[in-house]
Amino acid sequence: MMPLWIKVLCLCLMLAGVETLHGIARTVFVVPRLGNKRARQYSVISGALLAFAVCYVMIPWLGVHDGCHLILIGLMLAAFMALFDIVPARVVMKMKWRSIINDFNPAEGNYLIFGLIFPVFIPYAVMKLKGLS
């Protein structure tokens, strides 16, 4: 039997892969039509829906039914996705910290922070929706 931490890591990597493809699709198909800022704002919604879809399939596989543990898994997902946003921006794209932090600032019209809050509750919501928690 696979340990839970490996299953959670698989879920994190699956979400990261889906969000990467989502970002590529946004850049190729949506940015030319709506502009970068508007495309990024809308992509928070589509990204959250994609994250929910991935979790809907994968969360039951984890075998966790306790609400507190599901929220803890959600916190791990959010932390992983935050790092997945921050580390490449800083290391690969050489963005300044001010720019990175601005991506999370709703006052500046950037809603990425909401895309990181939502995953905290997805595992619990999925298990409730499926009647398994």
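Along each chain, residues carry numbers from 1 onward, in the same order as the chain's sequence is written. Local features in this predicted model are restricted to residues whose pLDDT is 70 or higher, and side-chain atom pairs enter the listing and the counts only when it is 80 or higher, whereas totals over whole chains, interfaces and linings include all residues. Heavy atoms from the whole structure form the basis of all side-chain values; hydrogens and water molecules are not counted.

1. Structural notes on the packing of helix α2 (residues 36-62) against helix α5 (residues 112-129)
Alright, step 1. With their axes 9 Å apart at the nearest point, α2 and α5 run at an angle of 30 degrees to one another. Taken together, the axis directions place α2 and α5 in an arrangement best described as roughly parallel. Taken as a pair, α2 and α5 cross one another with a handedness that is right-handed. Of the residues in α5, those in contact with Val44, Ala48, Ala51, Phe52, Cys55, Tyr56, Ile59 and Pro60 of α2 are Leu112, Phe114, Gly115, Phe118, Ile122, Pro123, Ala125, Val126, Met127 and Leu129.
Alright, step 2. Residue polarity is assigned by list, with Asp, Glu, Lys and Arg as charged and Ala, Val, Leu, Ile, Met, Phe, Trp, Tyr, Cys and Pro as nonpolar; anything else, Gly included, falls into the polar class. A per-class count over the contact of α2 with α5 returns 17 nonpolar, one polar and no charged. Structural elements are reduced to axes, namely lines fitted to C-alpha atoms, with helices fitted over the stretch in contact, and the angle between N-to-C directions of any two is expressed from 0 to 180 degrees. By the criteria applied, helices consist of DSSP H or I runs no shorter than four residues and strands consist of E runs no shorter than two, each listed in order from the N terminus. In this scheme, roughly parallel covers angles under 35 degrees and roughly antiparallel covers those over 145, while 65 to 115 is roughly perpendicular and the rest are oblique. Throughout, a crossing is termed right-handed when the near helix is turned clockwise from the far one, and left-handed when it is turned anticlockwise from it by less than a right angle. Any two residues whose heavy atoms approach within 4.5 Å are treated as being in contact.

2. Looking at the layout of surface pockets
Alright, step 1. Put plainly, a pocket is an open set of points on a 1 Å grid over the protein atoms alone with protein on both sides within 12 Å along at least five of seven lines, a cavity is a set where a 1.4 Å probe fits but cannot get out, and a lining residue has an atom within 4 Å of a point. Grid points are joined across faces, edges and corners, and a volume is the space filled by probe spheres set on the points. Considered as a void within the structure, the largest pocket measures approximately 920 Å³ in volume.
Alright, step 2. The wall of the largest pocket is formed by 37 residues, among which Glu19, Arg26, Arg40, Asp85 and Leu112 lie closest to the centre.
Alright, step 3. Of all elements in the fold, only α1 (4-34), α2, α3 (67-92) and α5 reach the threshold of two or more residues within the lining of the largest pocket.
Alright, step 4. Broken down by class, the residue content of the lining of the largest pocket amounts to 20 nonpolar, 11 polar and six charged.

3. Thoughts on α2
Alright, step 1. Over its 27 residues, α2 runs 36 Å from end to end, which matches the ideal 39 Å to within 8%, given 1.5 Å per residue.
Alright, step 2. The angle separating two fitted axes, one through the seven residues that finish at a residue and one through the seven that start at it, defines the bend at that residue. The sharpest bend along α2 comes to roughly 40 degrees, located at tyrosine 56, with the proline proline 60 sitting one to four residues further on.
Alright, step 3. Inspection of α2 places Ala39, Gln41, Ser43, Val44, Gly47, Ala48, Ala51, Val54, Cys55, Met58, Ile59 and Leu62 among the buried residues, and these make up the whole buried set.
Alright, step 4. On its buried face, α2 sits against α1, α3 and α5.
Alright, step 5. A positive backbone phi angle near 75 degrees is found at glycine 63, which sits one or two residues after α2. Here, expected helix span is obtained from the residue count minus one, scaled by 1.5 Å. Throughout, exposure labels follow a simple rule: accessible area from a 1.4 Å probe, protein chains only, divided by the maximum for the residue type, with under 20% read as buried, over 50% as exposed, and the rest as partly exposed.

4. Regarding the confidence of the model for the protein
Alright, step 1. Along the chain, pLDDT gives the predictor's confidence residue by residue, from 0 to 100. Mean pLDDT for the protein: 94, with 100% of residues reaching 70 or above.
Alright, step 2. Per-residue pLDDT, averaged within each element of the protein, yields its smallest value for helix α4 (residues 97-102) (92) and its largest for α1 (96).

5. With respect to the packing of α3 against α5
A pair of packed helices can be characterised by two numbers: the angle between their axes and the separation between those axes.
Alright, step 1. Across the interface, α3 lies against α5 with an axial gap of 8 Å and an inter-helix angle of 150 degrees. The angle between α3 and α5 places the two elements in the roughly antiparallel class. Judged by the sense of rotation from one axis to the other, the crossing of α3 with α5 is right-handed. Residues Gly67, Leu70, Ile71, Ile73, Gly74, Leu75, Leu77, Ala78, Met81, Ala82 and Asp85 of α3 form the contact with α5, whose participating residues are Leu112, Leu116, Pro119, Val120, Phe121, Pro123, Tyr124 and Met127.

6. Observations regarding the nonpolar core
Alright, step 1. Counting residues in each nonpolar core, the largest one holds 25 residues, and the members touching the most others are Leu11, Leu15, Cys55, Ile59, Leu62 and Leu77.
Alright, step 2. Taken together, the elements giving at least two residues each to this core come down to α1, α2, α3 and α5.
Alright, step 3. When residues no more than four places from it in sequence are discounted, the contact partners of isoleucine 59 are Leu11, Leu70, Pro123, Val126 and Met127. For the purposes of this section, nonpolar cores are sets of buried Ala, Val, Leu, Ile, Met, Phe, Trp, Tyr and Cys residues that join through side-chain atoms within 4.5 Å.

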